[in-house]
Amino acid sequence: MYNNMGPQPGMPMPQANPQPNPFGNAFSGPGSGLIRSGLGAYGEKIFGSSSEYVQSNITRYFSDPQYYFQVNDQYVRNKLKIVLFPFLHRGHWTRISEPVGGRLSYKPPIYDINAPDLYIPLMAFGTYVVLAGLSLGLYGKFTPEALNWLFVKGMVGWFLQVMLLKITLLSLGSGEAPLLDIVAYAGYTFTGLCLAVLGKIIWGYSYYVLIPWTCLCTGVFLVKTMKRVLFAEARSYDSSRHHYLLIFVALAQFPLLIWLGNISVNWLF
Amino acid sequence: MTKDFAVPPVVFPSGGSPAPGANVQQRRVPTAPPYQPPRPSASSSIPFMSFDIGSASATQGGPFGGAIASSSSFGGGSASFDDEEPLLDELGIHPDQIWKKTRSILNPFRINQTVHKDSDLSGPIFLYLALCLFQLLAGKIQFGVILGWVVVASMFLYTVYNMLAGRNGNLNLHTCTSLVGYSLLPVVILSAVSLFVPQGAGPVRFVLAGAFVLWATRACSNLVVSLADGGEEHRGLISYACFLIYTLFSLLVVF
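Residues numbered from 1 in each chain as written. Chains lettered and ligands numbered in written order. Predicted model: local features only at pLDDT ≥ 70, side-chain atom pairs only at ≥ 80, totals over all residues. Heavy atoms only, no water.

- In the annotation of an unreviewed UniProt entry, the entry for chain B reads Protein YIP, and the organism field reads Eutrema salsugineum.
- Under the UniProt heading Sequence similarities (unreviewed entry), the note attached to chain B is "Belongs to the YIP1 family." (UniProt positions renumbered as here; feature names shortened; annotations may be inferred.)

- An unreviewed UniProt entry annotates chain A as YIF1b of Eutrema salsugineum.

Below, the structure written as structure tokens:
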């Protein structure tokens, strides 16, 4: 029922794609129908102008989420390998870019293993909530309200991670990476976290090995990503500040992941 | 004294009606001959059918007379009691269809997707009530929790499926909720069976829960992929999302 919303007059998106992309443009297709019908309606009320103006501005701050879901099985498997064992990744970490309609944009995740996606973070977050509920239940303290609080805790953790990356970017003078990119990179920490919680369920003492391992892996992954991909847009190259910030990002993973992995009824601690 | 109200003429749906002039000019007792509702041919003893406009308007005059006149004559003037639709049909609940759909989920090895083509929400409501009933028997009052989780789970599956399928995806929320609801049947059976399995986190409960969760996942993901376009090459990804949903429900049952 969304397909007839495709060709709209005055759409600012480029139509010429160098390869046949079945996933189409930003505001056509059913997934983006959610955005269009939701935000387009509010756009009239909030800005009082036409919804095309709102849509073009929304794309600037909140890039097309459809791009992040162009994944397949093989990509998911390889990406999980990269996130969980980042030092085994032999290739480079830069994203492949392609010129699309005069602007430089990155290839979608299917074609580029270094591109961020939103499917893995979403599923990892869900797995974290389910596994945390399972571990609560094994200690006999499971209630549905406790699960709701675990969901909130996970959201807060994700938000803190996003803030960390965003502040690192901003303190270098450029915060121009798309917000969803940062949200995706922040969400990858939940994969390692799920592994740690799973280890805790299976055998209690393995947790004390898995948590430092996960913190290290997440730190290395984020540092390598930030170095290549996000700092490409930094204006000035200030070597020592770069390195201090990267070390700070890696070290900040430890308290964050230890807090997220500590699953008890009192969600704040 | 009489007041002239600009009342539009009341038109009765069938049969004779009092002269429109009477209603336009005054809202008092119409001086036109009272409207006689047709007496039912069968000697039914339903009392309201023998209601008489004349007596009604005589006893309560004024502004109520017009209202009662229109309502009772509408009741008497429209199709008689025998011609009304059965209640379940009018509500859109078809028990034989619900039973057919539920039975199709019972077989975990062969998914019959033609019977699920038109989605309905009454089957899922019935299964939701059954799940809440078995949870109640186990001592857990979780009506609101389960309803909230079903809603959130179907929105989650809807978003994930349409995002993954891209331009070709055409799953709509009604179908998604219907499929998630019907695939709750294994969880309902799990909660019924776990009433008889001894309490405590023994391995039996987990193995049982695991088997039923896998059954529900298989049913839901097969149905979703076969009923909406664009999901074929993302089967594994979608079935992982379904697996998460049903593990969540089984947590409610097991613990």
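### A look at the overall build of chain A
- A tally of helices and strands in chain A yields nine helices and two strands.
- Ordered by position from the N terminus, the helices and strands of chain A form the series α-α-α-β-β-α-α-α-α-α-α.
- Put simply, chain A has 269 residues, and 50% of those count as buried.
- Counting contacts in chain A only where the partners sit at least 6 residues apart, residues at least 24 apart contribute 73% of the total.
- When the accessible surface of chain A is totalled, it reaches about 13200 Å², and 66% of it is carbon and sulfur. (Helix = DSSP H or I, 4+ residues; strand = E, 2+ residues; numbered from the N terminus. Buried < 20%, exposed > 50% of the residue type's maximum accessible area, 1.4 Å probe, protein only. Contact = heavy atoms within 4.5 Å. Areas by Shrake-Rupley, 256 points an atom, 1.4 Å probe, with all protein chains shown as cover.)

### Focus on the packing of helix H5 (residues 144-170) of chain A against helix H9 (residues 239-261) of chain A
Residue and element names in this part refer to chain A.
- Contact pair H5 / H9: the axes reach a minimum separation of 11 Å and the direction vectors enclose 175 degrees. Between H5 and H9, the angle falls in the class roughly antiparallel. Contact with H5, carried on its side by Lys153, Gly154, Val156, Gly157, Leu160, Gln161, Leu164, Leu165 and Thr168, involves Leu245, Phe248, Val249, Ala252, Gln253, Leu256, Trp259 and Leu260 of H9 and no other residues of that element.
- The class makeup of the residues in the contact of H5 with H9 is eleven nonpolar, five polar and one charged. (Axes fitted to C-alpha atoms, helices over the stretch in contact; angles between N-to-C directions. Parallel < 35°, antiparallel > 145°, perpendicular 65-115°, else oblique. Nonpolar A, V, L, I, M, F, W, Y, C, P; charged D, E, K, R; others polar.)

### Comments concerning a negative patch on the surface
- On the surface, B:Asp82, B:Asp83, B:Glu84, B:Glu85, B:Asp89 and B:Glu90 cluster together to form a negatively charged patch.
- Relative to the elements of secondary structure, B:Asp83 occurs in the loop between helix H3 (63-77) and helix H4 (87-91). (Patch = residues over 30% accessible without salt bridge, like charges linked within 9 Å, V, L, I, M, F, W, Y side chains within 5 Å. Salt bridge = Lys/Arg side-chain N within 4 Å of Asp/Glu carboxyl O. Lys, Arg positive; Asp, Glu negative; His and termini not counted. Charge placed at Lys NZ, Arg CZ, Asp CG, Glu CD.)

### Examining the environment of A:His89
Residues and elements named next belong to chain A.
- With respect to the helices, strands and loops of the structure, histidine 89 is situated in the loop between helix H3 (73-84) and strand S1 (97-100).
- Separated by 14 residues in the primary sequence, histidine 89 and tyrosine 75 place their C-alpha atoms 14 Å from one another.
- Excluding residues within four positions of it along the chain, histidine 89 makes contact with Ile82, Ile113 and Asn114.

### Comments concerning the UniProt feature "transmembrane region" (unreviewed entry) in chain B
- If you check UniProt for "transmembrane region" (unreviewed entry), the listed places come out as residues 144-164, 176-197 and 237-254 of chain B in our numbering.
- Structurally, residues 144-164 of chain B comprises 100% helix and 0% strand, and the distance from its first C-alpha atom to its last is 30 Å.

### Structural notes on the packing of helix H4 (residues 119-138) of chain A against H5(A)
Residue and element names in this part refer to chain A.
- Closest axis-to-axis distance for the H4/H5 pair is 10 Å, and the angle between their directions is 140 degrees. Considering the angle they form, H4 stands oblique to H5. Both H4 and H5 take part in a crossing whose hand is right-handed. On the side of H4, the interface is formed by Pro121, Leu122, Phe125, Tyr128, Val129, Ala132, Gly133 and Leu136, while H5 contributes Ala146, Leu147, Leu150, Phe151, Lys153, Gly154, Met155 and Trp158.
- Here the contact of H4 with H5 is built from residues that sort into 13 nonpolar, two polar and one charged. (Left-handed = near helix turned anticlockwise from the far one by under 90°.)

### A closer look at the pattern of salt bridges
Residue and element names in this part refer to chain B.
- All told, the structure shown has two salt bridges over all chains when counted by the stated rule.
- Note that lysine 101 and aspartate 120 form a salt bridge whose closest N and O atoms lie 2.9 Å from each other. You can see lysine 101 sitting in helix H5 (residues 95-106) and its partner aspartate 120 sitting in the loop between H5 and helix H6 (122-137), a full 19 residues away along the chain.
- Look at lysine 101 and you get buried, because its relative accessible area is 0%.

### As for the side chain of B:Thr217
All names here are of chain B.
- Position of threonine 217 among the secondary structure elements: in helix H10 (residues 203-227).
- On the basis of relative accessible area, threonine 217 is assigned to the buried category, the value being 7%.
- A distance of 2.7 Å separates a polar side-chain atom of threonine 217 from the backbone oxygen of valine 213.
- Ignoring any residue separated from it by four or fewer positions in sequence, one finds threonine 217 in contact with Ser239, Cys242, Phe243 and Tyr246. (Polar contact = N/O pair within 3.5 Å; in protein donor to acceptor, adjacent residues only side chain to side chain.)

### Observations concerning the confidence of the model for chain B
Residue and element names in this part refer to chain B.
- Taken over all residues, the pLDDT of chain B has a mean of 79, while the share at 70 or more is 72%.
- Here residues 16-26 is modelled with pLDDT under 50, and outside its nearest four sequence neighbours on either side it reaches 17 contacts, counting other chains as well.
- Predicted confidence is poor over residues 56-62, with pLDDT under 50, and the contacts of this stretch with residues over four places away or in other chains come to seven contacts.
- On the interface metric, ipTM, the complex scores 0.75, and its pTM is 0.73. (pLDDT = per-residue confidence, 0-100.)

### Concerning helix H7 (residues 143-165) of chain B
- Look at H7(B): 33 Å from first C-alpha to last across 23 residues, which is about the 33 Å you get at 1.5 Å a residue.
- Where H7(B) terminates, the next one or two residues include B:Gly166, which has phi positive at roughly 70 degrees. (Expected span 1.5 Å × (residues − 1).)

### Quick look at a positive patch on the surface
Residues and elements named next belong to chain A.
- A contiguous patch of positive charge, built from Arg90, Lys224, Lys227 and Arg228, is present on the exposed surface.
- On the secondary structure map, arginine 90 appears in the loop between H3 and S1.
- Look at arginine 90 and you get exposed, because its relative accessible area is 73%.

### Topic: the UniProt feature "transmembrane region" (unreviewed entry) in chain A
Residues and elements named next belong to chain A.
- Under the UniProt annotation, the feature "transmembrane region" (unreviewed entry) is placed at residues 118-140, 146-167, 205-223 and 244-265.
- Here residues 205-223 is 89% helix and 0% strand, with 28 Å between the C-alpha atoms at its ends.
- As annotated, residues 244-265 comprises 82% helix and 0% strand, and the C-alpha atoms at either end are separated by 36 Å.

### Section: the nonpolar core
- Ranked by size, the top nonpolar core spans 112 residues in total, and within it A:Tyr119, B:Leu157, B:Tyr246 and B:Phe249 carry the most contacts.
- Aside from chain neighbours lying at most four places away, what touches B:Leu157 is B:Cys176, B:Val180, B:Cys220, B:Val224, B:Ile238, B:Ala241, B:Cys242 and B:Ile245. (Core = buried A, V, L, I, M, F, W, Y, C linked by side-chain atoms within 4.5 Å.)

### Description of the state of the cysteines
- In this structure the tally under the stated criterion is zero disulfides over all chains.
- Residue A:Cys194 stays outside any disulfide, its sulfur separated by 14 Å from that of A:Cys215, the closest cysteine.
- Free of any disulfide, B:Cys220 has its nearest cysteine sulfur in B:Cys242, 3.7 Å distant.
- In this structure B:Cys220 comes out as buried when scored by relative accessible area, which is 0%. (Disulfide = S-S within 2.5 Å.)

### Some words on the pairing of strand S2 (residues 103-106) of chain A
- Here S1(A) runs beside S2(A); their pairing, made up of four bridges, is antiparallel. Paired with A:Pro99 across the bridge in S2(A) is A:Leu104. (Pairing = 2+ DSSP bridges.)

### Side note on H3(A)
- In this model H3(A) runs 17 Å from its N-terminal to its C-terminal C-alpha over twelve residues, within 8% of the 16 Å that 1.5 Å per residue would give.
- Residues of H3(A) that are buried: A:Tyr75, A:Val76, A:Lys79, A:Ile82, A:Val83 and A:Leu84.
- Check the buried side of H3(A) and you find it contacts H4, helix H7 (189-202) and helix H8 (207-228) of chain A together with helix H11 (235-254) of chain B.

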